[in-house]
Amino acid sequence: MIELKQVSKWYGAVQVLNDCSAQIHKGEVVVVCGPSGSGKSTLIKTINALEPIQQGEIWVDSIPLHDPKTNLPKLRSRVGMVFQHFELFPHLSVTENLTLAQVKVLGRSLDEAKKHGLEYLERVGLIAHKDKFPGQLSGGQQQRVAIARALSMDPIVMLFDEPTSALDPEMVGEVLDVMVSLAKEGMTMVVVTHEMGFARKVSNRVIFMDVGGRILEDCSRDEFFGNPDARQPRTREFLDKILHH
Amino acid sequence: MNWDWEIFFQDPGGQHTTYLEWLMSAWGWTLSVSLLALLLALLMGFMIGTLRTLPKHPGWVLFGTGWTELFRNIPLLLQIFLWYHVIPALVPPLKELSGFVLVVLALGFFTSARISEQVYSGIRALPKGQFYAAQALGMTTWQSYRYVILPRAGRIILPPLVNEMMSIVKNSSVAFAVSVSELTLFALQVQEETARGVEVYLAVTGLYVVSALAINLLMGQIERRVQIPGLVLPGATGGGH
Ligand SMILES: Nc1ncnc2c1ncn2[C@@H]1O[C@H](COP(=O)(O)OP(=O)(O)OP(=O)(O)O)[C@@H](O)[C@H]1O
Ligand SMILES: [Mg+2]
């Protein structure tokens, strides 16, 4: 469903993605990990064209993102994204956050959008907070609203960029629970995270990126965690660091 | 000191029945110039300030920056004279415009440059993730600005915007230079006619102060209205930190 072919990207003279290729199939959950600055956020942002690429091809649901003629807003409305810092719109209530894009982008009626959005709010367990504003919620609650907001658009794939790393430890669980249940329902997901517990539990594949924007490993979860001897030295070093600190 | 406030009830001769009525009419001109210039300044200021932040449009950015620097750095009084004497000579159709319209244009464009600067920095003060989030939901650049970026930037710049509104009333006094019969011109003319400079200037000063206070009160109401619940610092994403 998503295909990256030899994607390269530069910021000025600095190369941040180096010849990255990968495929993500429908229903797959792919975890992307790697050291800070290795280009994980950049990679995931190229999948909905929030960051342009200079070389290579990206196809999402058979639509070429690298083609300047592609209607990017339309494509993005079908790709859900969840950010490290939630990025709810603080001047809008929770309900308005859920309905804004449904109405303005998808052209749904307000009633329809509300009904649909609140179903997802119910799912993430926050229906009681529908009239509050983002600033009145905890970090974990805000992130769950952000997930509901993305799901309200009925996306074909969900992208997560370190969704739990800005959270206090006691709130990480509630967000991961929502993500695990999504994965189990068959949602296609690309998740940048260092939560190896999550990767072990629900991912199909793990991609490891190294500094310089290169994909160093791309293998099944069982291979990634079960066969450490076959991993690159850089991967083993990284895993050692985040698993036993 | 002996006061003579009676003078406001005397007949100046001419189109006004009393000096008081003349004073009120002058206040009306001051407020009209200010209000129209403010509308123009807000419209242009938000437009130009927004253009200057557009990603991937260097042409617009250059235009917006040029506009801002041009109208911000020429003294207002000189701009009034330029509009009155120079520009109509270059663009003949503008000769038809009254001094009132030219002052509104001059004051409006001057203030638009200052507002554009505030809008620009207000937008810049927002975390970049807000724009990403709007785009990721499929909004076009226009929709992202309309529903997310500008409502937030507008709230951030409300306090300096209130200052700008109060300045515009004060700055409208330059209109006397091209004979718009507003408060300052009234003061100059009437103190000459009546030699009651103290009363005349006090009355005019009082009206400027009343106008500024009214703006302040009104904007205070609006500020309270649009306050975002639960948001303490502009740009703070709350929770988790
Ligand atoms: N707008 C930008 N301009 C210039 N360089 C940038 C920009 N955004 C990111 N970079 C650089 O690109 C590289 C990759 O950044 P990216 O944010 O994708 O890394 P990351 O793997 O997500 O890191 P982290 O784990 O810290 O989030 C980094 O070296 C970063 O400094
Ligand atoms: Mg990152």
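Residues numbered from 1 in each chain as written. Chains lettered and ligands numbered in written order. Predicted model: local features only at pLDDT ≥ 70, side-chain atom pairs only at ≥ 80, totals over all residues. Heavy atoms only, no water.

Q: Please clarify how the interface of chain B and chain A should be interpreted in this entry.
A: Between chain B and chain A, the contact holds 26 residues from the first and 30 residues from the second. Between chain B and chain A, the buried area comes to about 2,500 Å², and carbon and sulfur atoms account for 65% of it. The interface formed by chain B and chain A includes zero salt bridges. Between chain B and chain A we count six residue pairs in polar contact (both at pLDDT 80 or more) in total. Secondary-structure elements contributing two or more residues to the side of chain B that touches chain A are α5 (128–136) and α6 (141–156) of chain B. Per element, the largest residue contribution to the side of chain B that touches chain A is seven residues, and it comes from α5 of chain B. Within the side of chain B that touches chain A, the residues separate by chemical class into 12 nonpolar, 12 polar and two charged. (Contact = heavy atoms within 4.5 Å. Buried area = accessible area lost by both parts, 1.4 Å probe. Salt bridge = Lys/Arg side-chain N within 4 Å of Asp/Glu carboxyl O. Polar contact = N/O pair within 3.5 Å; in protein donor to acceptor, adjacent residues only side chain to side chain. Helix = DSSP H or I, 4+ residues; strand = E, 2+ residues; numbered from the N terminus. Nonpolar A, V, L, I, M, F, W, Y, C, P; charged D, E, K, R; others polar.)

Q: Please explain the UniProt feature "domain: ABC transmembrane type-1" (unreviewed entry) in chain B as it appears in this structure.
A: Mapped onto this numbering, the UniProt entry annotates "domain: ABC transmembrane type-1" (unreviewed entry) at residues 27–219 of chain B. Helix makes up 81% of residues 27–219 of chain B and strand makes up 0%, while its end C-alpha atoms are separated by 20 Å. (UniProt positions renumbered as here; feature names shortened; annotations may be inferred.)

Q: I would appreciate a short explanation of the UniProt feature "transmembrane region" (unreviewed entry) in chain B in the present structure.
A: Residues and elements named next belong to chain B. The UniProt entry lists residues 26–49, 70–91, 97–115 and 200–219 under the feature "transmembrane region" (unreviewed entry), expressed in the numbering used here. Structurally, residues 70–91 is divided into 86% helix and 0% strand, and its ends, taken at the C-alpha atoms, are 19 Å apart. The span residues 97–115 is 89% helical and 0% strand by assignment, and the distance between its end C-alpha atoms comes to 25 Å.

Q: Quick question: what am I supposed to make of the site of ligand 1 here?
A: Residue and element names in this part refer to chain A. Contacts to ligand 1 come from Tyr11, Val16, Pro35, Ser36, Gly37, Ser38, Gly39, Lys40, Ser41, Thr42 and Glu162. Gly37 places a polar main-chain atom, nitrogen or oxygen, 2.8 Å from an oxygen atom of ligand 1. Within the backbone of Ser38, an N or O atom sits 3.2 Å from an oxygen atom of ligand 1. When ligand 1 is considered free in solution it has 640 Å² of accessible area, and contact with the protein chains removes 56% of it. Here the shell around ligand 1 gets three residues from one element, more than from any other, and that element is helix α1 (residues 40–46). For the shell around ligand 1, the residue count by class is three nonpolar, six polar and two charged. (Near = heavy atom within 4 Å. Areas by Shrake-Rupley, 256 points an atom, 1.4 Å probe, with all protein chains shown as cover.)

Q: Explain the nonpolar core here, please?
A: What tends to happen in soluble globular proteins is that the nonpolar side chains get buried as a cluster. If you look at the biggest cluster of nonpolar residues, it comprises 102 residues, and the most contacted ones within it are Val60, Phe89 and Leu159 of chain A together with Leu23, Phe109, Met139 and Phe186 of chain B. The element best represented in this core is helix α4 (residues 99–124) of chain B, accounting for 13 residues. Split by domain, this core shows at least three residues from each of two domains, domain 1 (1–77 + 161–167 + 190–244) and domain 2 (79–155) of chain A. Not counting residues within four places of it along the chain, the set of residues in contact with Leu159 of chain A comprises Ile44, Ile47, Asn48, Val79, Gly80, Met81, Val82 and Val190 of chain A. Counting residues in hydrophobic clusters, the runner-up holds 47 residues, among them Leu98, Val145, Leu182 and Phe238 of chain A. (Core = buried A, V, L, I, M, F, W, Y, C linked by side-chain atoms within 4.5 Å. Buried < 20%, exposed > 50% of the residue type's maximum accessible area, 1.4 Å probe, protein only. Domains from an automatic or database assignment.)

Q: Help me understand the pairing of strand β1 (residues 2–11) of chain A, please; the structure alone is not making it clear to me.
A: Each regular strand shows side chains that alternate between the opposite faces of the sheet. Residue and element names in this part refer to chain A. Here β1 pairs with strand β2 (residues 14–24) via seven bridges, running antiparallel. Its bridge partner being in β2, Val7 is matched across the sheet by Cys20. In this antiparallel pair of consecutive strands, β1 and β2, the connection spans two residues, and Gly12 shows a positive phi of 60 degrees. (Pairing = 2+ DSSP bridges.)

Q: Teacher, can you tell me more about the domain arrangement of chain A here?
A: Where the parts come together, the accessible area they lose is often given as the size of the interface. Residues and elements named next belong to chain A. Annotation of chain A at the domain level lists domain 1 (1–77 + 161–167 + 190–244) and domain 2 (79–155). One C-alpha centre belongs to domain 1, the other to domain 2, and the line joining them spans 26 Å. Counting residues at the interface gives 14 residues for domain 1 and 13 residues for domain 2. Summed over both partners, the interface of domain 1 with domain 2 comes to about 1,100 Å²; 63% of that surface belongs to carbon and sulfur atoms. It is Ser77, Asp161 and Leu167 that lose the most area in domain 1 upon contact with domain 2, and together they represent 41% of the buried surface on that side. Seen at the junction of domain 1 and domain 2, the total is zero salt bridges. On inspection of domain 1 and its partner domain 2, the count reaches six residue pairs in polar contact (both at pLDDT 80 or more). Looking at the side of domain 1 that touches domain 2 residue by residue, the classes come out as seven nonpolar, three polar and four charged.

Q: Just to check I follow, could you spell out the pairing of strand β4 (residues 55–60) of chain A for this structure?
A: All names here are of chain A. Pairing of β1 with β4 involves five bridges; the strand directions are antiparallel. By the bridge assignment for β4, Ser8 is matched with Gln55. Across two bridges, β4 lies against strand β5 (residues 63–64) in antiparallel orientation. In the sheet register, Trp59 faces β5, and the bridge partner there is Pro64. Where β4 hands over to β5, the hairpin turn is made up of two residues, of which Asp61 adopts a positive phi near 50 degrees.

Q: Sorry, what's going on with the packing of helix α1 (residues 19–51) of chain B against α4 of chain B here?
A: Geometry of a packed helix pair, given as the angle between the helix axes and the separation of the axes. All names here are of chain B. Two elements in contact, α1 and α4, have axes separated by 6 Å at closest approach and are oriented at 40 degrees. The angle between α1 and α4 falls in the class oblique. Remark: the crossing between α1 and α4 carries right-handed chirality. Of the residues in the contact of α1 with α4, the class split is 20 nonpolar, eight polar and no charged. (Axes fitted to C-alpha atoms, helices over the stretch in contact; angles between N-to-C directions. Parallel < 35°, antiparallel > 145°, perpendicular 65-115°, else oblique. Left-handed = near helix turned anticlockwise from the far one by under 90°.)

Q: What exactly am I supposed to notice about the sheet that holds strand β9 (residues 205–210) of chain A here?
A: Across a sheet, paired strands are connected by hydrogen bonds in the backbone, their directions being either parallel or antiparallel. Residue and element names in this part refer to chain A. Strand order across the open sheet formed by six strands is β6-β7-β8-β3-β9-β10, with mixed pairing between neighbours. Looking at the sheet topology across the chains shown, the edges are occupied by β6 (79–82) and β10 (214–220). Strand after strand, the sheet turns through a mean of 15 degrees between neighbouring axes, direction not considered. In the packing of helix α6 (residues 169–184) onto the sheet, the strands contacted are β3 (29–33), β7 (157–161) and β8 (189–192), and the crossing angle to β8 comes to about 150 degrees.

Q: I tried to follow the sheet that holds β5 of chain A on my own but got confused; where do I start?
A: One open sheet holds the four strands; their spatial order is β2-β1-β4-β5 (chain A), and the pairing between them is antiparallel. Of all strands in the sheet, those with a lone pairing partner are β2 and β5 of chain A, marking the two edges.

Q: Would you take a moment to explain helix α3 (residues 76–90) of chain B for this structure?
A: The periodicity of an α-helix, 3.6 residues per turn, causes residues three or four positions apart to be oriented the same way. Between its first and last C-alpha, α3 of chain B extends 20 Å over 15 residues, near the 21 Å set by a 1.5 Å rise per residue. When we look at burial in α3 of chain B, the residues that qualify are Leu76, Gln79, Ile80, Trp83 and Pro88 of chain B. (Expected span 1.5 Å × (residues − 1).)

Q: Teacher, can you tell me more about the environment of Val14 of chain A here?
A: All names here are of chain A. Mapped onto the elements, Val14 comes out in strand β2. The exposure class assigned to Val14 is exposed, which follows from its relative accessible area of 52%. Taking the C-alpha atoms as reference points, Val14 and Arg214, separated by 200 residues in sequence, lie 13 Å from one another.

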